Structures are given as C-alpha cells and as structure tokens.
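# Overview (structure and organization)
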Amino acid sequence: MKKRIAILGSTGSIGTQALEVIQQNPDKFEVEVLTANNNVDLLIVQAKQFQPNAVVIANPEKYNYVTEALKNEPIKIYAGTEALNQVVQMESIDIVLTAMVGYSGLLPTYHAIKAKKNIALANKETLVVAGEIITKTALENQVAILPVDSEHSAIFQCLTGEFMNPIEKILLTCSGGPFRGKSIEELQHVTVDNALNHPNWDMGAKITIDSATLMNKGFEMIEAHWLFGVPSSKIEVVVHQQSIIHSMVQFEDGSVKAQMGLPDMKLPIQYALGFPERIKNNFPRFSFTEYPTLTFEPPDTKIFRNLALAFEAINIGGNMPCVLNAANEVVVEAFLNRQISFLQMPEIIEKAMGKATWIEKSGLDDLVTTNTETRRITKLLIESKI
Ligand code: MN3
C-alpha cells in the first residue's frame, strides 16, 4: 500500500526535497495534495509532474493563473487559506507534511489532526504557538506527529525502543549559525547577506535568519518540550559546529544516545514519511575520517538573546511562546527588508513580550488574537525605531 501524502508548502526547501524523496520511492509514496503560498510557476510544474488529486494556491489572486495553466490536467484547484483547512481533511490523505513557513502552519495542521491525519511536522512554529493544544488534540485523535526537523528526528530515533525509559536530559545540538563566536561589537554591523549565509544548511530565508539569531534553537527547544514531554530545564543546547550529531538523549543510567549523519534534510524527511521503515537510499554517507574533530561548546545566551527569550517564554507559559513567535516573524521580516539591524531583533522581541496581554489558559481563539495583537505591537515598536 502506497502512503498518500499532502505537502503543505511544496515549493519551499522542505517541500521540494520531500518531492525528491517521493520521486525516488514511487512504490512507497504518492502525492495527493500540493499547496503553495505564492510560487505559482513551481507549483504548476510540480502538479504536472506528480499529478496530485488537488492543489491549493493560498494567494487567491493567483487562482486564475493556476487554473489556466492546469486546464488540461485532471487536478482539482482551490485557492485561499480556508481551502488549506478543508483540503487537509480529504479522505484519501494518509500523511500531511507541514512545510509552510511560520504561523500560517497552525490552523491547517490543527484541522488535519482533527480529521485524524498523521502529521509529518516540519513547521515548528505550530508547536511553538500552540504546543499544548496540538499535542492534546493529537492524543485525543490518536494521530502521530512525526518530526521532520533534523534535531527532533534524531531525538525520536534515539527514543525508538526506549519508550518505557524516562529521559534524563535532551542534548539539542546547534551549529551556532554564521555568527558563532562573534562579539556584540561585531554583530552590530552584520548585514542581511551575512546572516543568510549559513555554513551547513541550505534553507529558506526565514529559518536561516532564525538560525543566525539562535531563535531557531529556542523554537526547537519548545518543539522538543511538546513533542517529547520534557521540561525546558532538562533540555540543554550544545553548540556543535559540524552538524554531524543531530541531537542526543541521555537516559537515567547516564547513557547517551546520538543520531549522526551528514547534514541533509532528505534523511529526516524520508524517515518521517517512511516510519517505522528505514528506506534504502544512495545519499552520500558520513565518514568519520573526513571529520576527525567534532567540537562542542555552550551557546552564549548573552550575545544570542533570542535563545534566552525562548526559555523565558516557555517558562512563563500560556500564550507567551505565541507572543514570542509573532514578534519574531515581524522583526525577521523587518530585518530582511533592511528596516532594523541584527541586534534590534531580540531587543524588540523582548519589548513586545513585555507589552502583549498574557493569557495563562489560552484556547485556539486566544492564540489567534494574541498573534494579531503582538504583530500590531511589534510593528509599532519597529516604527518608533526607524
Ligand atoms: Mn532544525
């Protein structure tokens, strides 16, 4: 039986690599749904090649263009964000791969879980914003959330066969990004291009900036907290420049398990889609002799403030991680548009966290409101800076 897959965000970095994995395993997978936000031309190429049952273009202005281009194909075409919430519920879908950017992943993922679809989770912001609701709803609907993020895939692989054994500590590895070891003075003058130049991973712009500020690692700590039920005090971030160990789990007997390999997102994508099977492939293999030195050091949270802010947000709890995420999305966009500097990003996020309304017990509607409110607050803070 082939697994029928919906890819939300098929034109992005994870989406295109997932299609490569599917293309290499036509006996195991088929594409049921493809969705994109704006990149219509690539969506059309993908639709023609993979012949999904349906495509969704989130930007409704591009609906006519897609319809015209695919008029000779037996493919249903929908537009708008509400269509995303609908299409994930299609009877024929087995797994929904959530690979869209940021907050936009939340509601489609929630609806997919409600419709009892297993989730291959690449959109970490879903768990940052609404980890409690998402994990609770998944449990109620007996839905598996299979991590695609390389660190969480590593932790998940370390935990296989260990489900009776408590976790003493999660060691979440972090490449350190392009600015590892830099001082505050040096960071004052870094540019967008410097920040977009990640040493190990080739990713989309939003996550590459998050990697440079270490907000990505903060988000991953929150993601690990919800996925594996481990408090933030038992999650230690370890800077490991080479990105060969993708994360580790320490058990109560002191034993540490690590998952290793070359940094290639196709591996965790394939593991999530193929789980519990390991699928044979011919990706390049890791060689110890080519990496004679693997290094480890603590992160500097005084310089990379965002990582400390993420720990603060999860410890405050309630809607605060949602505030953190919304403020971060706005400042990253402002940084990419060259409106604010690199170091102004954590400064503004911290202020937004102080100004947003804190709600201890927040339902999905509260989080939607929090997201809107925090974006407004953050934009005002940016305007007062420039
Ligand atoms: Mn990661």
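Preceding block: the structure.
Residues numbered from 1 in each chain as written. Predicted model: local features only at pLDDT ≥ 70, side-chain atom pairs only at ≥ 80, totals over all residues. Heavy atoms only, no water.

### Section: the pairing of strand β5 (residues 95–98)
Condition: For each residue, the accessible area found with a 1.4 Å probe, counting protein chains only, is set against the maximum for its type, and the residue is called buried under 20%, exposed over 50%, and partly exposed in between. Helix and strand definitions follow DSSP, with helices as H or I runs of at least four residues and strands as E runs of at least two, each counted in order from the N terminus. Only when DSSP finds a minimum of two bridges between them are two strands counted as paired.
Burial along β5 is two-sided: I95 and L97 and V96 and T98, pointing in opposite directions, are all buried. Direction of pairing for β5 relative to strand β6 (residues 118–121): parallel, over a ladder of four bridges. In the sheet register, V96 faces β6, and the bridge partner there is I119.

### A few points about the pattern of salt bridges
To keep things clear, this is the line we draw: Salt bridge, as used here: a side-chain nitrogen of Lys or Arg that lies within 4 Å of a carboxyl oxygen of Asp or Glu.
Scanning the model with the defined rule gives 19 salt bridges in all. The shortest N-O distance in the salt bridge between E277 and K28 comes to 3.1 Å. Placement of the pair is E277 in the loop between α12 (266–274) and α13 (305–316) and K28 in the loop between α1 (13–24) and β2 (29–36), with a sequence separation of 249 residues. Given the relative accessible area of 39%, E277 is considered partly exposed. For K28, a relative accessible area of 22% gives the class partly exposed. One salt bridge connects K217 with E151, and the closest N-O pair in it is separated by 2.8 Å.

### A short note on the packing of aromatic side chains
Spelled out, the test is: Working definition: rings of Phe, Tyr and Trp (its six-membered ring) pair if their centres are within 6.5 Å, and the pair is stacked with planes under 30 degrees apart, edge-to-face with planes over 60 apart, and tilted otherwise. The rule for a charge over a ring is simple: NZ of Lys or CZ of Arg within 6 Å of the ring centre, and within 35 degrees of the ring normal.
Inspection of every chain in the model, using the stated rule, returns seven aromatic pairs. Between the aromatic rings of F335 and F342, the centroid separation amounts to 5.9 Å while the plane-to-plane angle is 70°, which identifies the pairing as edge-to-face. You can call F342 buried: its relative accessible area is 4%. What links up through ring pairs into an aromatic cluster is the set F156, Y271 and F275. Sitting over the ring of F283, K266 keeps its end group 5.3 Å from the ring centre.

### A few points about the coordination of the manganese ion
For clarity, the cut-off: Metal sites are built from N, O and S donor atoms within 2.8 Å, or 3.2 Å for Na, K and Ca, and they leave out water, so they may look incomplete.
Looking at the manganese ion, the protein donor atoms are D149 (OD), E151 (OE) and E220 (OE), and they sit 2.1 to 2.2 Å from it. If you list the donors of the manganese ion from N- to C-terminus, the spacing comes out as D-x1-E-x68-E. Of this pair, E151 sits in helix α7 (residues 150–159) while E220 sits in helix α11 (residues 215–228), and the two are 69 residues apart along the sequence. On the basis of relative accessible area, E151 is assigned to the buried category, the value being 8%.

### Comments concerning helix α5 (residues 106–114)
Among all positions of α5, only L106, P108, T109, Y110, A112 and I113 are buried. The positive-phi residue at the C-terminal boundary of α5 is K116, with phi of around 65°.

### Looking at the environment of Q89
This is how the line gets drawn: In this analysis, two residues are considered to be in contact whenever any of their non-hydrogen atoms come within 4.5 Å of each other.
On the secondary structure map, Q89 appears in the loop between α4 (81–87) and β5. The class for Q89 is partly exposed, based on a relative accessible area of 36%. For the pair Q89 and V239, spaced 150 residues apart in sequence, the C-alpha separation works out to 40 Å. When near neighbours in sequence (up to four residues on either side) are disregarded, Q89 contacts H111, A115 and K117.

### What about the sheet that holds strand β7 (residues 145–147)?
Keep this limit in mind: Only the contacting stretch of a helix is used when fitting its axis, a line to C-alpha atoms as for every element, and angles between N-to-C directions run 0 to 180 degrees.
Strands sit in the order β4-β3-β2-β1-β5-β6-β7 across an open sheet of seven strands; the sheet is parallel. Two strands in the sheet have a free side with no partner beyond their single neighbour: β4 (76–79) and β7. Taking each pair of neighbouring strands and ignoring which way they run, the sheet shows an average axis angle of 20°. Both strand β3 (residues 54–57) and β4 contribute to a ladder of four bridges, which runs parallel. Pairing of V56 across the sheet is with Y78, part of β4. Docked against the sheet, α5 engages β1 (3–8), β5, β6 and β7, running at close to 150° with respect to β6.

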